[in-house]
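Below, each chain spelled out in residue letters.
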Amino acid sequence: MIVTFTLNGQEANVRVVTPASLLDVLRDQIGLRGSKSACEQGECGSCSVLLDGDVVCSCLVMAADVDGSKVATVEGMGSPDVLSGVQKAMHEAGAVQCGFCTPGIVVSATDLFRRNPDPTTDEIREALSGNICRCTGYGAIIRAFEGLAGAGL
Amino acid sequence: MEVHHPTTLSEAVAAVADGATPLAGGTDLMVEVNFGNARPENVVGLRRVSELKTWEGHRIGSGVTWRRIAADGPRALAQAARTVGSPQIRNAGTIGGNLATASPAGDGHPFIAAVDASIELISTAGARLVPWTEFFTGVKRTSMAPDELIGAVLLPEQLPERHEFGKVGVRNAMVIATVCAVVTRSEDRVTVALGSVAPTPMRARRAEEMMSSIANPTEADLAEFQRIVSEEVSPITDHRSTEQYRRHAAGVLARRLLERCLR
């Protein structure tokens, strides 16, 4: 079946023939490889995307089920020339080690700051609780967003 | 592959009757798909069925997400909702999916058991109401017929005055319960429901009976209550914990939750 949805503001049409995840379709059929594939069971958060404005794990979304929905991936957030507020904060705080979890963190933090521009440290930690960083670089990540809190995106 | 995207309950039920696999938040089904354990060829997505997302008073539609329950649910159910997975999982996962999967560790189950909620099952033949005691039949097994869909969870009109949820796990976020429990207390009654310590959610009925008649429990009463709960559960040793630890933790957790209800 052909699935039609809005991807980063533009219409996307993909042929889906298996119960494949949105993550696999994004990476392998559409070629957007910012969302990472790791645990494939919703534990690591490296595949986080916004589905109709809510952060979800794209590995747990059936691609065929996004027909008519809006999907935003990390590729739609900022650009290499103009970083988003979240990206800039992470860049300046050195909140990146190996970088594998970074796209998911950007998506989760973008979702957080859209809903709550002035989060407390606890709120930041809770918002990122579904994103695992195996370099354990959480300290710098949290500090990056503490600095952004209240500053406006 | 065939995928239905109904917007009405009757269309959704018809698709299920026709053999379609229901897909709610996907947080359980897609794990099975990703690991090659399931390959549904006929799927009915339930996200667009507004009737299933309706939450009116004591009737919580099966499609209500944990995120909504964390924000607006009755105290102990909201506490449970806050421990479900992560923000990503709570945005997708639903109370109906939690029931349909019927994992022994389902975070939503102790509340449902503690307040004696019922589950509404819908098929093309109509709706039937199943008490929670008859809904869960074993590890990941329920009394749902293949052509039935969970419509809603029905809580009693009057909830116990106090109710508290707690969960023991190896970390705070993204954790499957080693033991989870809800204790409720009203004027003349205490209920204790536990998850992850038996094939299905269970009530510690002897402990309830012992504590229900005591208005102001002493230290000795609380210790006895804890001991009975530990005795009543029937946990197993698996990759997450041991039988002995779960037995101990169940008693400690139930006692702490009761103490919170007494404050």
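Residues numbered from 1 in each chain as written. Chains lettered and ligands numbered in written order. Predicted model: local features only at pLDDT ≥ 70, side-chain atom pairs only at ≥ 80, totals over all residues.

### Regarding the overall build of chain A
Helix and strand counts for chain A stand at five helices and five strands. Secondary structure elements of chain A, listed N to C terminal, follow the sequence β-β-α-β-β-β-α-α-α-α. In terms of C-alpha radius of gyration, chain A reaches 15 Å, essentially the compact-globule figure of 15 Å for 153 residues. Counting only C-alpha atoms and orienting by the principal axes, one finds that chain A spans roughly 45 × 30 × 25 Å. Split into buried and exposed, the 153 residues of chain A put 47% on the buried side. For chain A, the proportion of contacts with a sequence separation of at least 24, taken over those separated by at least 6, is 61%. (Helix = DSSP H or I, 4+ residues; strand = E, 2+ residues; numbered from the N terminus. Rg over C-alpha atoms; globule rule 2.2 N^0.38 Å. Buried ≥ 20, exposed ≤ 12 C-beta atoms within 10 Å, placed from the backbone. Contact = placed C-beta atoms within 7 Å.)

### Here we look at the sheet that holds strand β5 (residues 59-61) of chain B
All names here are of chain B. Taking strand neighbours across the sheet as the criterion, the five strands line up as β4-β5-β10-β6-β7 in an open arrangement whose pairing is antiparallel. The strands lining the two open edges of the sheet, one partner per strand, are β4 (55-56) and β7 (126-131). Sheet analysis places strand β6 (residues 118-123) next to strand β10 (residues 149-154), joined by five bridges and oriented antiparallel. Counted as the bridge partner of L121 is I150 from β10. Lying over the sheet, helix α1 (residues 9-17) contacts β6 and β10, oriented at roughly 75° with respect to β6. (Pairing = 2+ DSSP bridges. Axes fitted to C-alpha atoms, helices over the stretch in contact; angles between N-to-C directions.)

### Looking at the domain arrangement of chain A
Residues and elements named next belong to chain A. Taken domain by domain, chain A comprises domain 1 (2-76) and domain 2 (85-148). Averaged C-alpha coordinates put domain 1 and domain 2 at centres separated by 21 Å. Taken residue by residue, the interface counts twelve residues in domain 1 and eleven residues in domain 2. Per-element accounting of the side of domain 1 that touches domain 2 gives the leading share, three residues, to strand β3 (residues 48-51). Among the residues forming the side of domain 1 that touches domain 2, the class breakdown is six nonpolar, five polar and one charged. (Domains from an automatic or database assignment. Nonpolar A, V, L, I, M, F, W, Y, C, P; charged D, E, K, R; others polar.)

### Let's talk about the environment of R59 of chain B
Residue and element names in this part refer to chain B. Position of R59 among the secondary structure elements: in strand β5. C-beta crowding within 10 Å serves as the criterion here: with 13 such atoms nearby, R59 is assigned to the partly exposed category. In contact with R59, other than residues within four places in its own chain, are A152 and L154.

### Points about the environment of T110 of chain A
Residue and element names in this part refer to chain A. In this fold, T110 is placed in helix α3 (residues 102-115). Here the alpha-carbon distance between T110 and S84, two residues 26 residues apart in the chain, equals 8.7 Å. Each residue touching T110, except ones within four places of it in the same chain, is listed here: M77, S84 and V86.

### Some words on the nonpolar core
A181, V192, L194, A250 and A254 of chain B are the most contacted members of the largest nonpolar core, which has 124 residues in total. Inspection of this core shows a minimum of three residues originating in each of domain 1 (2-76) and domain 2 (85-148) of chain A. With residues near it in sequence (within four places) discarded, V192 of chain B still touches A181, V183, R203, A204, A207, E208, V229 and A254 of chain B. (Core = buried A, V, L, I, M, F, W, Y, C linked by C-beta atoms within 7 Å.)

### So, helix α11 (residues 243-262) of chain B
Residues and elements named next belong to chain B. Here α11 is 20 residues long and its end C-alpha atoms lie 29 Å apart, about the 28 Å a rise of 1.5 Å per residue gives. Every buried residue of α11 is listed here: R246, A249, A250, G251, L253, A254, R255, L257 and L258. The inward-facing, buried residues of α11 abut β11 (162-168), β12 (179-186), β13 (189-195), α9 (205-212) and α10 (219-232). (Expected span 1.5 Å × (residues − 1).)

### Considerations on the pairing of β12 of chain B
Residues and elements named next belong to chain B. Counting buried positions along β12 yields seven of eight residues, so the element is predominantly enclosed. Relative to β12, β11 runs antiparallel, the two sharing seven bridges. By the bridge assignment for β12, E164 is matched with V183. Judged from the seven bridges that link them, β12 and β13 form a sheet pairing that is antiparallel. Across the sheet, the residue bridging to T184 is T191, located in β13. Taken together, β12 and the strand that follows it, β13, pair antiparallel across an intervening segment of two residues.

### What to know about the sheet that holds β12 of chain B
Residue and element names in this part refer to chain B. A sheet is described by the order of its strands in space; here four strands give the open sequence β11-β12-β13-β14, paired in antiparallel fashion. The two strands at the open ends of the sheet, each matched to only one other strand, are β11 and β14 (202-203). Where helix α4 (residues 75-82) meets the sheet, it contacts β11 and β12, and its direction lies at approximately 20° from that of β11. In the packing of α11 onto the sheet, contacts are made with β11, β12 and β13, and the angle to β12 comes to roughly 30°.

### Some remarks on the packing of α10 of chain B against α11 of chain B
All names here are of chain B. Direction vectors running N to C along α10 and α11 enclose 140°, while the axes themselves pass 8 Å from each other. By the angle between their directions, the pair α10 and α11 is classed as oblique. The interaxial crossing formed by α10 with α11 has right-handed handedness. Seen from α10, the contacting residues are L222, F225, Q226, R227, V229 and S230; seen from α11, they are R247, H248, A250, G251, V252, A254, R255 and L258. Considering only residue class, the contact of α10 with α11 consists of seven nonpolar, four polar and three charged. (Parallel < 35°, antiparallel > 145°, perpendicular 65-115°, else oblique. Left-handed = near helix turned anticlockwise from the far one by under 90°.)

### A word on the pairing of β10 of chain B
All names here are of chain B. Of all six residues in β10, five are buried, a share of seventy percent or more. With three bridges connecting them, β5 and β10 associate as antiparallel partners. Its bridge partner being in β10, G61 is matched across the sheet by A152.

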